[in-house]
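Chain and residue survey
Given next are the chains, with one letter for each unit.
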Amino acid sequence: TMRHRTGTVVVGRGMMGSAAAAHLCELSRAAVTLIGPSEPPHTRAAAAAPHDAVSADLVSGADSDRRVAGEAAAPKIFGAHYDEGRIARVSDRSPVWAALAGASHARYRQVEASSGVQFYHEVGHVAIGLSGHEYIQSVQKTTAAAGVEHTVLPSADLPSRFPWLRLPQSEGGSDAFTAVLEPKAGWISARGHVEAHCTLVIQRKGAVVDDAVVAVRRLRDKTPDGCLFEVDTASGDVFACEKVIVAAGGFVNARPLVPAEHGEHDGDHAYQQLELQLLTAQTTRLRVTDAVGETLKDMPSLIVKCADFWAYVLPPIAYPDGHTYVKLGGASNHHATAATTARNNGEVPALPGKAILRTDAEVAEWYQSGGGDPDLTALHLRIITELIPCLATVAADPASVVVDTCVTSHTPTKRPYIGEASLGVVVVGGGNGLAAKS
């Protein structure tokens, strides 16, 4: 066990935590320490990841023995950034999320240039919804208000612009859909995003520690060197600090990470729980052939909201295993799968077709489930072959289909938590399935 002194500890080494630490290193004179565990070995091996932001050569402030100890002691912490493709767009129905995304996108190229890590791919983004319905009307209104370059396309223009795309024909005829094309958008590599920001933390004289935080303790009295908190890690080390930023994603309530102020609750070590609903997220990747890749070479990222289903689709992306994949997620608007219905037990999820996860054990189990929900995979394959017919042959080949599982955290307001939860403790979380781009 070792005791370390730092200015601010950032708990959570995902997309939010790494970005917060990188910018804080630039803005603060006090030392910054970013703490979070590595991507689990089985997901690293499956991906053969080049964007391994948690590899030994990027970690400072922790030796190899402590890294191994930290991973062994906390094998049930996972992150939503274990992937290559996340849609990056400003166009959104919410002005808040549009503003957050716009501010983030404005920094992408500078972050890439400073870190030497490319993660943003500007291939454009298209949002498609039923004409006259709330979704696409809100996207149009918000995008225009944000001053974002965009083009509104009627259904009649879509076949010539996107010849590979087929929209459902039973939705009301040729004028059924409206699309919003945002050319200066696309997708980001989640792993690359984390790697870039971890690189900046180290460049800016911060520390990146490969370990899992098990508790954040508020001290009864300030220490002689000005510390108000002690942060305990799985390897047994303690980080004394003046401030804490908690960006622990779906695991923020699984451990005592958000201490209350003394006197707010009974006991010397009382903690707050964030009001979050954790939902399953499942994606399906299809390994594309060279011929299909050529057909889809100009494909933007895509969100489609129809009467029967909603889906998001990423264009062909080269993954670290040497193959190229089209990835999608989505669900039925009307009927949840049997497994989802059973898990929800009458409780309504924040997003249709999603299952509610109520305990950290359920979260860990879902991350490790491998195949996720087979009925949802079948729905994904039906959706993708309907939307992009040239993928039908690939979708019919089980060897070309990869299923990934993830977790999203949802707040009652559908907006993120960003602010001080108690004196000296800032919380960043509640991405609502929208935060990767922001």
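This text follows the structure it describes.
Below you will find a few notes about this structure. Note that the structure is a prediction, hence the values are computed from the model and not measured. (Residues numbered from 1 in each chain as written. Predicted model: local features only at pLDDT ≥ 70, side-chain atom pairs only at ≥ 80, totals over all residues. Heavy atoms only, no water.)

**Remarks on the side chain of asparagine 432**
To keep things clear, this is the line we draw: Helix and strand labels come from DSSP, where a helix needs a run of H or I of at least four residues and a strand needs a run of E of at least two; each type is numbered from the N terminus. Only protein chains enter the accessibility calculation, which uses a 1.4 Å probe. A residue is then buried if its area is under 20% of the maximum for its type, exposed if over 50%, and partly exposed in between. Only heavy atoms matter for contacts: two residues are in contact if any of them lie within 4.5 Å across the pair.
Here asparagine 432 is to be found in the segment after β22 (425-429). Asparagine 432 sits in the buried class, given a relative accessible area of 7%. Discounting chain neighbours no more than four positions away, the residues touching asparagine 432 are Trp97, Ser409, His410, Thr411, Lys414, Arg415 and Pro416.

**What to know about the side chain of glutamine 277**
Mapping glutamine 277 onto the fold places it in strand β15 (residues 277-287). For glutamine 277, the contacting residues outside a window of four places in its chain are Glu347, Val348, Pro349, Ala350, Ile356, Thr408, Ser409 and His410.

**A word on the sheet that holds strand β2 (residues 8-11)**
Put simply, the rule is: Between any two strands, at least two bridges found by DSSP are needed for them to pair. Note on geometry: axes are lines fitted to C-alpha atoms, helical ones only across the stretch in contact, with angles between N-to-C directions running from 0 to 180 degrees.
Read from one edge to the other, the open sheet built from six strands follows the order β10-β3-β2-β14-β22-β21, with strand pairing classed as mixed. Two strands bound the open sheet, and with one partner strand each, they are β10 (207-210) and β21 (417-422). In this sheet, neighbouring strand axes are inclined to one another by 20° on average, regardless of whether the strands run parallel or antiparallel. Across the sheet, helix α1 (residues 15-27) touches β2, β3 (32-36), β14 (243-246) and β22, and the angle it forms with β3 is around 170°.

**Focus on the nonpolar core**
Nonpolar side chains tend to gather and get buried jointly when the protein is soluble and globular. What counts, and what does not: Among buried residues, the Ala, Val, Leu, Ile, Met, Phe, Trp, Tyr and Cys ones that are joined through side-chain atoms within 4.5 Å form a nonpolar core.
Core analysis: the biggest nonpolar cluster contains 37 residues, and Ile128, Ile388 and Leu391 have the highest contact counts within it. Secondary-structure elements contributing two or more residues to this core are β6 (125-130), β8 (177-182), β16 (301-305), β17 (309-318), β18 (324-332), α11 (374-387) and α12 (392-395). Broken down by element, this core gets its largest block of residues, six residues, from α11. Formed by 25 residues, the second largest nonpolar core is a distinct cluster that contains Leu34, Tyr120, Val201 and Val428.

**Considerations on the packing of helix α4 (residues 95-115) against helix α7 (residues 190-203)**
Quick reminder of the rule: Small angles under 35 degrees read as roughly parallel and large ones over 145 as roughly antiparallel, with 65 to 115 read as roughly perpendicular and the rest as oblique. Should the near helix be turned counterclockwise from the far one by less than a right angle, the crossing is left-handed, whereas a clockwise turn marks it as right-handed. Any residue outside Ala, Val, Leu, Ile, Met, Phe, Trp, Tyr, Cys, Pro, Asp, Glu, Lys and Arg is labelled polar, Gly included; the first ten of those are nonpolar and the last four are charged.
Orientation of α4 relative to α7, taken along the N-to-C sense of each, is 60°, at an axis distance of 9 Å. Taken together, the axis directions place α4 and α7 in an arrangement best described as oblique. For the pair α4 and α7, the sense of crossing is left-handed. The segment α4 lies against α7, with Val111, Ser114 and Ser115 engaging Ala196, His197, Thr199, Leu200 and Gln203. A class-by-class count of the residues in the contact of α4 with α7 yields three nonpolar, five polar and no charged.

**What about the sheet that holds strand β1 (residues 3-5)?**
The mixed open sheet is built from four strands, whose spatial order is β1-β13-β12-β11. Each of the sheet's edge strands pairs with one partner strand only, and the pair in question is β1 and β11 (213-218). If you compare each strand with its neighbour and ignore which way they point, the axes differ by 20° on average. Inspection of the sheet shows β11 paired to strand β12 (residues 229-233) by five bridges, in the antiparallel sense. Along β12, the bridge assignment pairs arginine 217 with glutamate 230.

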